[in-house]
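# Observations on the three-dimensional arrangement
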Amino acid sequence: PMYSSKDIPKSIVTLLSNVFLTPKSSSLDLINLSIDLFPVAKHLFRFLEAIDEVPRDPIKNLMAFALHRYNKWLDFINWCIETGQDDVDHRPPFDIEVVWVAHVIRTSEYKADCLKLFGREIPHVFDHKSGAHTSVSETTRKLWKERTGSDLVMNTEKFFNLASVFASNLASGSILDQNKTSITVCILIEDMKWFHDFRDYYPHSLVSLLSNSPPPVAASEEEEIQQNLKKEFGAKETPLDLEISESDKTFLQEAHRDYLRFLALQKKFNFTRGPGSEEGAGKICATYKIDLFWHSHMLNTREYRRDCESYLGDIVPHAPWPTEAVESLNNKFNFTADLWQREFGDEFQSTKP
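Residues numbered from 1 in each chain as written. Predicted model: local features only at pLDDT ≥ 70, side-chain atom pairs only at ≥ 80, totals over all residues. Heavy atoms only, no water.

## Observations regarding the packing of aromatic side chains
Spelled out, the test is: Here is the rule: rings of Phe, Tyr and Trp (six-membered ring for Trp) pair when centre to centre is within 6.5 Å. Planes less than 30 degrees apart are stacked, more than 60 are edge-to-face, and the remainder are tilted. In this description a helix means any DSSP run of H or I spanning at least four residues, a strand means any run of E spanning at least two, and both kinds are numbered starting from the N terminus. Burial status follows relative accessibility: with a 1.4 Å probe on protein chains alone, a residue under 20% of its type maximum counts as buried, one over 50% as exposed, and anything between as partly exposed.
If you walk through the whole model with that rule in mind, you get 15 aromatic pairs. Between Phe-76 and Trp-144, the ring centres sit 5.5 Å apart and the planes meet at 70°, which makes this aromatic pair edge-to-face. One end of the pair, Phe-76, is in helix 2 (residues 59-82); the other, Trp-144, is in helix 5 (residues 138-148), with 68 residues separating them in the sequence. Since its relative accessible area comes to 0%, Phe-76 is described here as buried. The exposure class assigned to Trp-144 is buried, which follows from its relative accessible area of 0%. Taking the centre distance of 5.4 Å and the plane angle of 40° together, the rings of Phe-333 and Phe-348 count as tilted. Linking Phe-333 in helix 13 (residues 326-344) with Phe-348 in the segment after helix 13, this pair joins segments that are 15 residues apart in sequence. When sorted by exposure, Phe-333 lands in the same class as Phe-348, which is buried. Through a chain of ring-to-ring contacts, the aromatic side chains of Trp-73, Phe-76, Trp-79, Trp-100 and Trp-144 assemble into a single cluster.

This is the structure in C-alpha cells:
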C-alpha cells in the first residue's frame, strides 16, 4: 500500500523542527505519542485474524446488514453524547466494529461524514476491549434497545436470517438504502481482501501466537449467545498478556521505529511544496510494516488527532489502498526509498520479512 501526503495542508507548523532537522539522529526518541501503540498493535493482529475468518459465501448480505447497523450505531453514539450518556464505555459487536474500522482508517472521509451528519467527529477507541474481543455491556444493550427498538446482540442464526431478509428487501426495493456514509458494501468486500493481505504480511510465528485461543471457560446464557456469534462471524478470544519471541519482538520494535521515522519525514519535509521544490513533487508512501502502527494509532481517533496536531499541525491523511496508476505508485515508492536511504541509511522495505 502506498499513500500520498499531498493533501497535508501547507499550514503544517514548524513546532519542534529542530528535533526533526536530522531524523536519523536519536531525537526520534523525543516523539512522545500520547498512547502506547504496542498493545494496540497486538490487538490489531487478533482483529485481522478474526476478520479473515468471516464466511465469504454470504459476504455481500453480511456486509450490507452490518453497514445498516453501523449507520444506526453512529446515530446511537451521537445520541449518547447529546444526552450525556457517553460516560459508559460503549463498544459495538463485531459486525459493527468491522465497518467502523473500515470507516475510521479513511481519515478524511470519516471526518467529513461525521461533520456532515453530526457536526462533530465521533470518537473511536481501539484496544483489547474492541469489537470481537469483549461482550457488549448490558448498559449499552439497554440504551440501544431504547433508542432503536432492536437487539444489538443476537445469536448467529438470527443475525444471518436478518441479514438475508435485509438484503432481499433492499434488492426488491421494499426498503430504501439508508446508508448516509461514504462506505459502501463494495468497499467493505474489497477491504476484506485487503485486510487478509495486510495480516498475511506479518511473520507467521507472530500471527500464530497472537491468534491462539485459550481453554474455554464456563459462560452464562447471554455470554454463550455472544460467543456463538463471535465464533460464526469470525472472532477469537485470546489472552491479553502475551509473551513473544525475541525475533518477533525485534520486528515489532522495528515497525514502531519505522512509523516514528515516517512521522519524522512528514515533519522535516513539507511535501506540499510542489514539483519545483528540492524534494520533488511532494510524494511519500508507507509499507505494511509502517501500517501496523499507523493503523493502531489512527484507530484511536482522539490520540491520533492530538499527536498529529501537536507534532505536525494536522493529521496525516490515510486511505487503505491505492487508487492510482501503477506507474505513479512506483514513482512514489522510489521517491520514498531514496529519501529513506538518504535520511536513515536503511533500505525502505516493502517485501515480506
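Anyway, onward from the coordinates.
## What about the environment of Glu-343?
Here is the rule: By the criterion applied in these results, polar contacts are pairs of N or O atoms within 3.5 Å in which, for protein atoms, one can donate a hydrogen and the other can accept it, and in which residues neighboring in sequence qualify only through two side-chain atoms.
Tracing the backbone shows Glu-343 in helix 13. Glu-343 sits in the buried class, given a relative accessible area of 6%. Sequence separation between Glu-343 and Leu-265 is 78 residues; the distance between their C-alpha atoms is 8.6 Å. Within polar-contact distance, the side chain of Glu-343 engages the side chain of Lys-268 at 2.8 Å.

## Points about the packing of helix 1 (residues 37-52) against helix 11 (residues 288-298)
Test applied: Geometry is summarised by axes, namely lines fitted to C-alpha atoms with helices restricted to the contacting stretch, and by angles between N-to-C directions that run from 0 to 180 degrees. Should an angle fall under 35 degrees it is called roughly parallel, over 145 degrees roughly antiparallel, and 65 to 115 degrees roughly perpendicular, with every other angle called oblique. In this description, contact between two residues means that some pair of their heavy atoms is separated by no more than 4.5 Å.
Across the interface, helix 1 lies against helix 11 with an axial gap of 9 Å and an inter-helix angle of 105°. By the criterion of interaxial angle, the relationship of helix 1 to helix 11 is roughly perpendicular. Residues Leu-37, Phe-38, Val-40, Ala-41, Leu-44 and Phe-45 of helix 1 form the contact with helix 11, whose own contacting residues are Leu-292, Phe-293, His-295, Ser-296 and His-297.

## Comments concerning empty space enclosed by the protein
The rolling of a water-molecule-sized probe over the atoms marks out the regions of remaining empty space. Selection criterion: Definitions used throughout: a 1 Å grid over protein atoms alone; a cavity as a set of points that fits a 1.4 Å probe which cannot get out; a pocket as an open set with protein on both sides within 12 Å along at least five of seven lines; a lining residue as one with an atom within 4 Å of a point. Grid points are joined across faces, edges and corners, and a volume is the space filled by probe spheres set on the points.
Inspection of the entire model under this criterion finds 6 cavities of 30 Å³ or more. What the largest cavity holds in volume is close to 90 Å³. Contributing to the lining of the largest cavity are Val-104, Thr-107, Tyr-110, Lys-111, Glu-121, Met-298, Thr-301, Tyr-304, Arg-305 and Ile-315. In this structure, the second largest cavity encloses a volume near 60 Å³. In terms of lining residues, the second largest cavity is bounded by 11 residues, among which Ile-31, Leu-263, Asp-307, Tyr-311 and Leu-312 are the most central.

## A few points about the side chain of Thr-140
Within the secondary structure, Thr-140 is located in helix 5. Reaching out from Thr-140, the side chain makes a polar contact with the side chain of His-90 at a distance of 2.8 Å. With residues up to four places along the chain from it excluded, the contact list for Thr-140 reads Trp-73, Phe-76, Val-88, Asp-89, His-90, Arg-91 and Leu-152.

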